[in-house]
Protein chains: 2
Amino acid sequence: MAEPVRPSEDALIARWFRPLATDPASFRLGDDCASLTPPPGADLVLKTDAVAAGIHFFADDPWDAVAAKALRVNLSDLAAKGARPLGYLLSLALPSDWRVEQMEAFAAGLGADQARFGVALWGGDTIRSPDGLVISITAIGAVPQGRMVRRGGARPGDRLYVSGTLGDAALGLMLRLDPDRAAAWGLTADERDHLLARYLLPEPRVALAPAILAHAGGAMDLSDGLVIDAGRMGRSSGVSIRIDAEAVPLSPAARRALNRAPELLRSILAGGDDYEILAAVPPEAATAFEHAAAAGAVAVTAIGNVGTPPTGSQDAGACGAVQEAETVTIVGLDDRPISIGAEGYRHF
Amino acid sequence: MAEPVRPSEDALIARWFRPLATDPASFRLGDDCASLTPPPGADLVLKTDAVAAGIHFFADDPWDAVAAKALRVNLSDLAAKGARPLGYLLSLALPSDWRVEQMEAFAAGLGADQARFGVALWGGDTIRSPDGLVISITAIGAVPQGRMVRRGGARPGDRLYVSGTLGDAALGLMLRLDPDRAAAWGLTADERDHLLARYLLPEPRVALAPAILAHAGGAMDLSDGLVIDAGRMGRSSGVSIRIDAEAVPLSPAARRALNRAPELLRSILAGGDDYEILAAVPPEAATAFEHAAAAGAVAVTAIGNVGTPPTGSQDAGACGAVQEAETVTIVGLDDRPISIGAEGYRHF
């Protein structure tokens, strides 16, 4: 079933992956497994997330960005749990027509992010893909024992914060699918490029992890859209969540597009791929949280509040639109609920 | 890019994966990450391996076997490192035409192996596959600190052991590709089924891990064939390896096929998917190793010896056929070298 392919997997490892294996845990990829001595007193926080051509990125996206995206969507999760990233394992399904310059870019993309975020490649596996590129990464971080910040830790009275700006990636994807929208939305070239870049490559808020760990009661990263992910936080925590639409932080590009096309509010609040952090912070910790976020140079914005459980709600395992609508309320300028639809964005 | 699919990923998790998340580390899959408190005094041993339809298994293989195979190829690596398995993360790329009964089988296959091998699902990610089923698993085990058994720990004078029998899976794959071979090889129906089953589903030697940990200087699992993998062990260890072809343990089915078709020796020694363990054991520990293996009810057979480094060899990162031929010598009945060809089996 496997016809010979050159270069071999061993050659691929030697040329592109061994230089990334800078941590002793990896044995320079010279063994079949990695061996990690856990930091004393730490719990390990583990996450696996995959991205695939044609689903999470476009088949013609540059491979440095694709590799970095695969890593960053995992680092984003670790940051939202308050964890310091340590290392990762890479499972790569390569299409048979891969080119050397693509692998060069792939390794360069990972290398740059390793340096920036302080992680190293611990191990991996490379197989031929039945079709397009599929990258699955398992990232591992550390928190003090028992301290991982849970999705289900939001409590009535907490303030709800998000990092960065929301909706950029969703709008960037819309622009990617229909470039004419840039003109329709009245965007400058810079604004268009900003939105496209935010879809291509998320910015994991690794620098926010210490603030989350110290001050947030509950937190998660936003990958499927604010509406659906806030619903998950609400149900896990057994609370209701009220979001002030006007308070949701927008980039200048998203603001201009929304002004021109108010119906984009739905894409901004329910679109996916934000990879920002949603955090519930007790009011007495809010100032300290804001200061800690500023110390990490990550912008955070209060967008709402956590309330008592919605009447008749339950922590259902499978999420339905009705339950989400009950858990999350979006209010507009006049304090009246806005109907966004609760579909959110599903990668699956 | 992502059109709605039902059931949602949340529903998929609730129905099929949450029941597998029996370890507190997984929070019943109710969070974005798992949180593991490492066993005191332990190093974690980490491995990621992927299997894909059309490459590592046939698209029409039953999903319980496919799921178990994906888990077992990782457990096999942990066992070869002397590690006790703890848990795993699952990254699943599902073709869009998956059926409920397939997912039922998939979960049942994992559930049975979890019970048998003492592991639990810690987390995962499910995406749509661009084409066929791709399963990437990251398995994590534990060894006492600093004690992971390395591939590079073989020393001149060590005895070389393998577990189980070799070549069954390679012959099973040949039968799968051409069922008429069963008659040509003179196999009984039971013998044919044995070889087919050994290809479909490997038997990870988890029960051998304590013996490996206690007595082996170097070890690895055999996934790409004895010749190529022994070459890797030899080069990593800076030693030569001599294998007595007559000593290589064969199942009755493989023995019968080999008697009828002596040219199968190459497939048996260089074919892949054995998932048996190759271990280098110092002679003074050999008896204790054999007893410990027997205590785990795993058959082990001495098949050769470790010698001084081959003249002019080096531990090259990329393996070439010439270097492998120099590192590994296969000898036959008359003690003369047999040329097997050093290609081995490459999954990639």
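Quick caveat: nothing in here was measured; it's all calculated off a predicted structure.

Draft legend 1. Local environment of the interface of chain B and chain A. Facing the 81 residues of chain B at the interface are 80 residues of chain A. With both sides pooled, the region where chain B packs onto chain A buries about 6,600 Å², and carbon together with sulfur makes up 58% of that total. Counting the contacts that link chain B with chain A gives ten salt bridges. The interface formed by chain B and chain A includes 25 residue pairs in polar contact (both at pLDDT 80 or more). Examining the composition of the side of chain B that touches chain A, we find that eleven residues originate from one element, strand S2 (residues 42-52) of chain B, more than from any other. Partitioned by chemical class, the residues of the side of chain B that touches chain A number 43 nonpolar, 19 polar and 19 charged.

Draft legend 2. Broad picture of the side chain of A:Asp77. Following the sequence through the fold, A:Asp77 ends up in helix H2 (residues 63-80). Not counting residues up to four positions away in its chain, the partners in contact with A:Asp77 are A:Lys47, A:Asp49, A:Asp221, B:Asp32 and B:Cys33.

Draft legend 3. Examining the environment of B:Ser136 more closely. Checked against the element boundaries, B:Ser136 lands in strand S5 (residues 134-144). Classification of B:Ser136 by relative accessible area gives buried; the value is 6%. Each C-alpha atom, one on B:Ser136 and one on B:Ala52, is 8.5 Å from the other, the two residues being 84 residues apart in sequence. Beyond its immediate stretch of four places on either side in the chain, B:Ser136 contacts A:Ser91, A:Ser136, B:Thr48, B:Asp49, B:Ala50, B:Leu89, B:Leu90 and B:Ser91. Polar side-chain contacts of B:Ser136 include one of 2.9 Å to the side chain of A:Ser91.

Draft legend 4. Molecular detail of empty space enclosed by the protein. For the structure shown, the criterion picks out two cavities of 30 Å³ or more. Looking at the largest cavity, its volume works out to about 80 Å³. When contributions to the lining of the largest cavity are tallied by element, the ones reaching two or more residues are strand S3 (84-94) and strand S5 (134-144) of chain A together with strand S3 (84-94) and S5 of chain B. Considering only residue class, the lining of the largest cavity consists of ten nonpolar, four polar and no charged. Approximately 40 Å³ is the volume found for the second largest cavity. As for the second largest cavity, its lining consists of B:Asp168, B:Ala169, B:Arg198, B:Leu201, B:Pro202, B:Glu203, B:Asp273 and B:Asp274. Of the residues assigned to the lining of the second largest cavity, the class counts are three nonpolar, no polar and five charged.

Draft legend 5. Layout of the domain arrangement of chain A. All names here are of chain A. Domain boundaries assigned for chain A yield domain 1 (9-144) and domain 2 (151-338). Computed from C-alpha atoms alone, the centre-to-centre distance between domain 1 and domain 2 is 27 Å. The interface is formed by 24 residues belonging to domain 1 together with 20 residues belonging to domain 2. When the two sides are added together, the surface that domain 1 and domain 2 hide from each other amounts to roughly 1,900 Å², 63% of it contributed by carbon and sulfur. Where domain 1 packs against domain 2, one counts four salt bridges. For the salt bridge of Arg72 with Glu203, the shortest nitrogen-to-oxygen distance reads 3.9 Å.

Draft legend 6. Molecular detail of the UniProt feature "binding site: Mg(2+) 2" (unreviewed entry) in chain A. The UniProt feature table records "binding site: Mg(2+) 2" (unreviewed entry) at A:Asp49 and A:Asp77. Annotated residues spanning 29 residues; largest pairwise C-alpha distance 9.4 Å, indicating a single compact cluster. Mapped onto the elements, A:Asp49 comes out in strand S2 (residues 42-52). What makes A:Asp49 buried here is its relative accessible area of 14%. Beyond its immediate chain neighbours, meaning those up to four positions away, A:Asp49 contacts A:Val73, A:Asn74, A:Asp77, A:Ile135, A:Ser136, A:Ile137 and B:Asp125.

Draft legend 7. Representation of the pairing of strand S10 (residues 300-307) of chain A. All names here are of chain A. As defined by bridge partners, strand S6 (residues 159-163) adjoins S10 across five bridges and the pair is classed as antiparallel. Across the sheet, Ser163 pairs through a bridge with Val300, a residue of S10. When strand S8 (residues 240-244) meets S10, the two strands line up antiparallel, connected through four bridges. Note on S10: the bridge partner recorded for Ile241 is Val306.

Draft legend 8. Structural view of the sheet that holds S2(A). With mixed pairing, the five strands of this open sheet are ordered in space as S4(A)-S3(A)-S5(A)-S2(A)-S1(B). Two strands bound the open sheet, and with one partner strand each, they are strand S4 (120-128) of chain A together with strand S1 (34-36) of chain B. Ignoring strand direction, the axes of neighbouring strands in this sheet form an average angle of 20°. Sitting on the sheet, helix H3 (residues 100-117) of chain A is in contact with S3, S4 and S5 of chain A, with an inclination near 170° to S3(A).

Draft legend 9. Representation of the packing of aromatic side chains. Inspection of every chain in the model, using the stated rule, returns ten aromatic pairs over all chains. When the centroid spacing of 6.4 Å and the interplanar angle of 80° are considered together, the rings of B:Phe17 and B:Phe106 count as edge-to-face. Placement of B:Phe17 in helix H1 (residues 9-17) and of B:Phe106 in helix H3 (residues 100-117) is noted, with a sequence separation of 89 residues between them. Given a relative accessible area of 0%, B:Phe106 falls into the buried group. The structure contains a cluster of three or more aromatic residues connected by ring pairs, namely A:Phe17, A:Trp63 and A:Phe106.

Parameters and conventions
Residues numbered from 1 in each chain as written. Chains lettered and ligands numbered in written order. Predicted model: local features only at pLDDT ≥ 70, side-chain atom pairs only at ≥ 80, totals over all residues. Heavy atoms only, no water. Contact = heavy atoms within 4.5 Å. Buried area = accessible area lost by both parts, 1.4 Å probe. Salt bridge = Lys/Arg side-chain N within 4 Å of Asp/Glu carboxyl O. Polar contact = N/O pair within 3.5 Å; in protein donor to acceptor, adjacent residues only side chain to side chain. Helix = DSSP H or I, 4+ residues; strand = E, 2+ residues; numbered from the N terminus. Nonpolar A, V, L, I, M, F, W, Y, C, P; charged D, E, K, R; others polar. Buried < 20%, exposed > 50% of the residue type's maximum accessible area, 1.4 Å probe, protein only. 1 Å grid on protein atoms, 1.4 Å probe; cavity = no way out; pocket = protein on both sides within 12 Å on 5 of 7 lines; lining within 4 Å. Points joined across faces, edges and corners; volume = space filled by probe spheres on them. Domains from an automatic or database assignment. UniProt positions renumbered as here; feature names shortened; annotations may be inferred. Pairing = 2+ DSSP bridges. Axes fitted to C-alpha atoms, helices over the stretch in contact; angles between N-to-C directions. Phe/Tyr/Trp six-rings, centres within 6.5 Å; stacked < 30°, edge-to-face > 60°.

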